[in-house]
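# What the coordinates show
Each chain, letter by letter, is given below.
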Protein chains: 2
Amino acid sequence: MTGQPILVEVVRNEFVESVHRGCLVVTAPDGSVQFSAGDVTSPFFPRSANKPLQGVGMLRAGLGYDGAELALGCASHSGETGHVERVAAMLSGAGLDPAALACPPELPIGEDARRAADEPRKITMNCSGKHAAMLATCVANGWETDGYQEPDHPLQVQLAKTVEELTGESIAAVGVDGCSAPLFAFSPTGLARSFGRLVQAEPGTDERRVADAMRAHPWLVAGSGREDTRLMRAVPGLLSKSGAEGVLAFALGDGTACAIKIADGNKRALAPLAMAVLARLGIETPEGLSDLAHPPVLGGGQPQGELRVSWSVP
Amino acid sequence: MTGQPILVEVVRNEFVESVHRGCLVVTAPDGSVQFSAGDVTSPFFPRSANKPLQGVGMLRAGLGYDGAELALGCASHSGETGHVERVAAMLSGAGLDPAALACPPELPIGEDARRAADEPRKITMNCSGKHAAMLATCVANGWETDGYQEPDHPLQVQLAKTVEELTGESIAAVGVDGCSAPLFAFSPTGLARSFGRLVQAEPGTDERRVADAMRAHPWLVAGSGREDTRLMRAVPGLLSKSGAEGVLAFALGDGTACAIKIADGNKRALAPLAMAVLARLGIETPEGLSDLAHPPVLGGGQPQGELRVSWSVP
């Protein structure tokens, strides 16, 4: 993350107030690099953009989820009522209760749900669906549920193996994600390629089940007003998953895929870059998404400028 | 903001996950540059770090505030009850009500106050104290209160003049700040020098009245748990004021002053840099502020790393 180019400028009254550096890569359906900006081969932490790959790993390990449950198992949900109730049902379906979750208690990340919440809870933490799916995978295998988030637990060993298989790379570092689960470092190019694989896999395979579940349930993957949800609803066939610290990966239905990492970790630069990449790939900004392509910079409650993509689109 | 060096790394499990570039400058009591990093002579938007300078301008224009009212007039307050009640009193003291405020309705920026608030209000907006002071200045001068936030209003003309006087620089650009007030661009070096002037001025002067009011009322300048408040409480004689988009300026009692701008606008990098600058100036991290010097990076609710200053302290 040390020598990345400026990709987005924060412009207020035609004055560049701040800038966002980062890297992005677009891979063709065959996995070759179609175009890129910055260093896209060094390892980085993809954070929650890991989740679809972890989801495939859980299916490989025998998890019986599909559809809504699988989508929520790969989600960074907003903690709205519909998310929380379904996670509770996933847990009870595995004979467990929310106390089994290893994610920390947190307020919902959705602004309205956050304001309505009384206190931080494990089940309202944005990764609770993934943790419920991890627990259900353990139950399905007869694995110990206690300590399921430890890197040497059989579940996590399987997930690491799947991540290496799907990215075509060795894991360069293992960290602890915000939710306590192992966090695998690989390259942005590997992340893009893995997303391309998910959407191109044959229907019914583990990869395609994950892609299809997420695309069929965009609200469960994120929540009301969230970028992943809005993008998947607006662009037919699109699979999109963001991660903390300025990460976004998406794939078009044809297998063209993209990964973006903002070097400073700010997610606000992701949407305009995603829209610029989509436009470069022939998908003009869908109706209703112009605020994602040109996020306004406000002063006195009125637009005074915008987040402007300064990346030289190849 | 285009060629700034990396000053802070976000380290998770010994892996550099994100980086923050920016610039910082320390000026000696005589205004000369003591040391710096990055480009500190190009103009930038100081955002709310402008407020103490605007406060001096209001006193120049005859505002009768001192103490708590003056501190709140230079504040980015958290919208806690004690802030909001005092702003209401400032307005009624000028024969006005909150409808006269030109700042937009916003929820409080303090997390607890935000959660407790029913709806966005002008008076809970973090700049409402400054706007109340601006209105009171207009009333004291018999100026039209309507349109007081326009750059050509006599009030704003006076404030621009004061900003140029205190920074020793011409204003390079005028924008519209988040609160609708004019936003003046000058250099980080000019900002640091102006803070040095405030604390070194003779007691009773407009400059010193602002510095003394803010230092006497650190909670009114920001709020519970906020960095400016904690820093001013912990370091005797310190004047500190942060601004949106990653800006911080502070001055020690002897007139040594510092300005920092994070290129990507993220405020999380400010506190560790401020603590590193203070340490370089001989002020070791005061008791109770180690979380500012070494902000933890969390995973599973536990520290997995920290924001680490990578700037080579001269």
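Preceding this section is the structure that the text describes.
Summary of the structure given here. (Residues numbered from 1 in each chain as written. Chains lettered and ligands numbered in written order. Predicted model: local features only at pLDDT ≥ 70, side-chain atom pairs only at ≥ 80, totals over all residues. Heavy atoms only, no water.)

Residue-level contacts link 47 residues of chain A with 46 residues of chain B. Across the chain A to chain B interface the summed buried area is about 3,200 Å²; carbon plus sulfur atoms make up 50%. Of all residues in chain A, Phe 15, Glu 17 and Arg 115 of chain A give up the largest surface area on contact with chain B, accounting jointly for 20% of the area buried on that side. On inspection of chain A and its partner chain B, the count reaches six salt bridges. In this structure, Arg 47 of chain B and Glu 17 of chain A form a salt bridge, with 2.9 Å as the shortest nitrogen-oxygen distance. Linking chain A with chain B are 28 residue pairs in polar contact (both at pLDDT 80 or more). Taken together, the elements giving at least two residues each to the side of chain A that touches chain B come down to strand 1 (6–12), strand 2 (15–27), helix 4 (111–116), strand 4 (173–176), strand 5 (182–185) and strand 9 (296–299) of chain A. (Contact = heavy atoms within 4.5 Å. Buried area = accessible area lost by both parts, 1.4 Å probe. Salt bridge = Lys/Arg side-chain N within 4 Å of Asp/Glu carboxyl O. Polar contact = N/O pair within 3.5 Å; in protein donor to acceptor, adjacent residues only side chain to side chain. Helix = DSSP H or I, 4+ residues; strand = E, 2+ residues; numbered from the N terminus.)

What follows concerns unusual backbone geometry. Residue and element names in this part refer to chain B. A positive phi angle, near 50°, is found at Arg 47, a position not held by glycine. Positionally, Arg 47 belongs in the loop between strand 3 (33–37) and helix 1 (51–60). The class for Arg 47 is buried, based on a relative accessible area of 7%. Phi at Ser 180 is positive, roughly 95°, even though this residue is not glycine. Relative to the helices and strands, Ser 180 is located in the loop between strand 4 (173–176) and strand 5 (182–185). (Buried < 20%, exposed > 50% of the residue type's maximum accessible area, 1.4 Å probe, protein only.)

Attention shifts here to the relation of the copies chain A and chain B. Both copies of the chain are tied together by a single rotation about an axis and a shift running along it. Take chain A, turn it by 180°, move it 0.0 Å along the axis, and it overlays chain B with an RMSD of 0.0 Å. Taken together, these values place the two copies in the relation of a two-fold axis. If distances are taken from each C-alpha of chain A to the rotation axis, the shortest is found for Arg 115 of chain A, at 2.7 Å. In this assembly, 98% of the residues forming the interface of chain A have copies in chain B that are likewise at the interface, indicating an isologous arrangement. (Least-squares fit on C-alpha atoms with pLDDT ≥ 70 in both.)

A few words on the pairing of strand 9 of chain A. Residues and elements named next belong to chain A. Taking every second residue as pointing to the same face, the buried face of strand 9 carries Val 297 and Gly 299, while none of Pro 296 and Leu 298 on the other face is buried. Pairing of strand 9 with strand 10 (residues 302–309), which is carried by four bridges, proceeds in the antiparallel orientation. Its bridge partner lying in strand 10, Gly 299 is registered against Gln 302. Taken together, strand 9 and the strand that follows it, strand 10, pair antiparallel across an intervening segment of two residues, in which Gly 300 is found at a positive phi of about 60°. (Pairing = 2+ DSSP bridges.)

Once that is clear, we can look at helix 3 (residues 81–93) of chain B. One turn of an α-helix holds 3.6 residues; hence residues three or four places apart share an orientation. All names here are of chain B. Under the 1.5 Å per step criterion, the end-to-end length of helix 3 is 18 Å for 13 residues, consistent within 8% with the ideal 18 Å. Those residues of helix 3 not exposed but buried are His 83, Val 84, Val 87, Met 90 and Leu 91. One side of helix 3 carries all its buried residues, which in axial view fall inside an arc of 120°. Exposed side chains of helix 3 directed beyond 90 degrees from the buried face belong to Thr 81, Glu 85 and Gly 93. Contacts from the buried residues of helix 3 go to helix 2 (67–73), helix 5 (128–141) and helix 9 (218–221). With its phi angle positive at about 75°, Gly 95 sits one or two positions after the end of helix 3. (Expected span 1.5 Å × (residues − 1). Arc of directions from axis to C-beta.)

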